Amino acid sequence: MWTIKLLLTTLILVECNAYKILLWCPLPSGSHGILGDAFVNIFLNAGHEVTYISSMTKMSPVPKVNIIDVSSNAKVYPDELLNITSIMEGMSDMTQDDYFFPIIDELSLVTLQNEDVQKLLNDESQHFDVVIAEWMYNDVYAGLAALYECPLIWFSSLEPHWLVLKTIDEPLNPAYNPDSMSAKVVPFTFLQRVEELWLQLSRGFFREFWTYKDVTKIYNDIFSPLLTKRGRALPSYEEVRYNGSMMLGNSHAVLGQPTRLPQNYRAIGGFHIGKNVKPLPENLKRIMDGAKHGVIYFSMGSNLRSVDYPPEIKKGLLKMFGKLKQTVLWKFEEKFDNVPSNVHILKWAPQQSILAHPNCVMFITHCGALSTNEAIHFGVPIIGIPVFVDQFVNAARAVAKGFGKKVELDYGLVDNLKAAIDDVLSTSSYREKVKELSAIYHDRPITPQQEILYTVEHVIRTKGARYLRSPALMVSWYQKMYLDLLALIIVVIILIIISIRYLLRLISKKNKSKSD
């Protein structure tokens, strides 16, 4: 009887500490789907209930998870956006603000207008203890926390950068912090510092002045009717967008840099990597076990497709790989004719299981955040072929830290990649450095999964962890730069000059009257 009572008490306590979480990960990207699924599994294992907005989940329906599918979001992407050939030929350039940001804003609008999402938002019986929303270059999802009157936690899939941190603190100093789409690593040259300053100023102007009205309109159009229906007034977008209680960042100083971070930022890099790696499928295990000279794994990630390389590059890569003594696993979406015996084409690749194998000697990657995390986690040197957004700075940092090489995405790819492969294979320092960094990466006081669970539950328990809110959000930009003090000093100086000139005139007049 005592055992039964203890079990019932435990179940009651667990149930009392179970929270309802709204997890918002709508970006139509395989890697972002992996991150979202990892969050769900962490919360499920802790007994929480999750409503999950996702366009790329691989989860099957399970109890305590309500999955709202927004996979139709992929239609927002222009055909050329993620096509490698289009990117090589300049038809898709995400560094252009007037190309990239409108796509992101449209994606936010389409997500919020989704029929099933609208059913959720209009259901007045729904309530949540916290909203966790992926920050993706605008703050419009902050309206969800206003709607449900609960704390908001932002999630960033990238290393910390000025645009994302200004949501919870203030922009980073461009003199030693690159933009998320930059390819620079510190220390910057004079010209690089100027470029980063200009990038921050111009991009900030574009977002805060040129397109601010577009995001504000999305916020007002979506959330005003919802709050009116509930008998509440809609707070202004400017007020709501800075109400985030915490930010969870898919980052680690070993991968990025030891950036100055506010106290309500938590680095959780690698949280999608499980403690126990799944075993390889039997056919892949045989291939990797039998690779006497090691295995080179080549993948351009879940968004980019190797099949989209220009035909001459695909043929050139296949021929070049065939001349290597190493076994090559190439994640490729279609069948190849006349494949060399040492090359194996995989339509789907269990990436973590491949990288975890002791015979994996190299990872040729696009340098996405997840792939870079996994390379460090499993201690595999890389060759980076960056294509967009943070991949450039990830590749540049891999080179600077000494665990990788970078190869440009251009029509000289085959020859340049062959030279990089030879260098990494023949130089022991790459593997030694990645093993050193991997040891540091694993040496943490708690796991990133534990960090996530504690942080989310703490925010809920403290009703938003307001005590961690940065004081920088309470000070206007001109006050931070002491422009008001400068203005006061200028006014005082002008008044002193005017007063002195006035006194001099008076003295001059008196002297003149005496002489007369």
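Criteria and thresholds
- Sequence positions are assigned chain by chain, starting from 1 and proceeding in written order.
- Totals for whole chains, interfaces and linings use all residues, but because this is a predicted model, local features are given only for residues with pLDDT of at least 70 and pairs of side-chain atoms are given and counted only at 80 or more.
- Each side-chain value is derived from all of the structure's non-hydrogen atoms; neither hydrogens nor water enter the calculation.
- The buried label applies to any residue whose accessible area, calculated with a 1.4 Å probe on protein chains only, is under 20% of its type's maximum; exposed applies above 50%, and partly exposed to all values in between.
- Secondary structure elements are taken from DSSP: a helix is a run of H or I of four residues or more, a strand is a run of E of two residues or more, and numbering for both begins at the N terminus.
- Strand pairing is defined by DSSP finding a minimum of two bridges between the two strands.
- By definition, the crossover connecting two strands over a helix is right-handed if that path, from the first strand to the second, turns clockwise as seen with the strands pointing away from the viewer.
- The aromatic pairing rule takes the rings of Phe, Tyr and Trp, using the six-membered ring of Trp, and pairs them if the centres are within 6.5 Å, calling planes under 30 degrees apart stacked, those over 60 edge-to-face and the rest tilted.
- To sit over a ring, a charge needs its Lys NZ or Arg CZ within 6 Å of the ring centre and within 35 degrees of the ring normal.

Across the 6 residues that make up strand 1 (residues 20–25), a large majority, 6, are buried. Covered by surrounding structure in strand 1 are Lys 20, Leu 22 and Trp 24 together with Ile 21, Leu 23 and Cys 25, the residues of both alternating faces. By the bridge criterion, 6 bridges tie strand 1 to strand 2 (residues 49–54) in an arrangement that is parallel. Bridge pairing in strand 2 links Ile 21 to Val 50. In this view, the connection linking strand 1 to its parallel neighbour strand 2 by way of helix 2 (residues 30–45) has right-handed handedness.

Looking now at the packing of aromatic side chains. All told, the structure shown has 23 aromatic pairs when counted by the stated rule. Ring centres 5.5 Å apart and planes at 50° place the aromatic pair Trp 24 and Tyr 141 in the tilted group. A residue pair is termed long-range when its members are at least 10 positions apart, and Trp 24 in strand 1 and Tyr 141 in the loop between strand 4 (130–134) and helix 6 (142–148) qualify at 117 residues. Tyr 141 carries the same exposure label as Trp 24, and that label is buried. Aromatic side chains Phe 298 and Phe 321 sit 5.7 Å apart centroid to centroid with 70° between the ring planes, which places their arrangement in the edge-to-face category. Here the residue Phe 298 occupies a position in strand 8 (residues 295–299), and Phe 321 occupies one in helix 12 (residues 311–322), the gap between them amounting to 23 residues. Following the ring pairs from residue to residue traces out a cluster consisting of Phe 100, Phe 101, Trp 135, Tyr 137 and Phe 206. Across the ring face of Phe 128, the terminal group of Lys 20 is positioned such that the distance to the ring centre comes to 5.5 Å. Here Arg 444 stacks its cationic end above the ring of Tyr 441, 4.4 Å away from the centre of that ring.

Functional significance is not addressed by these values, which are geometric in nature.
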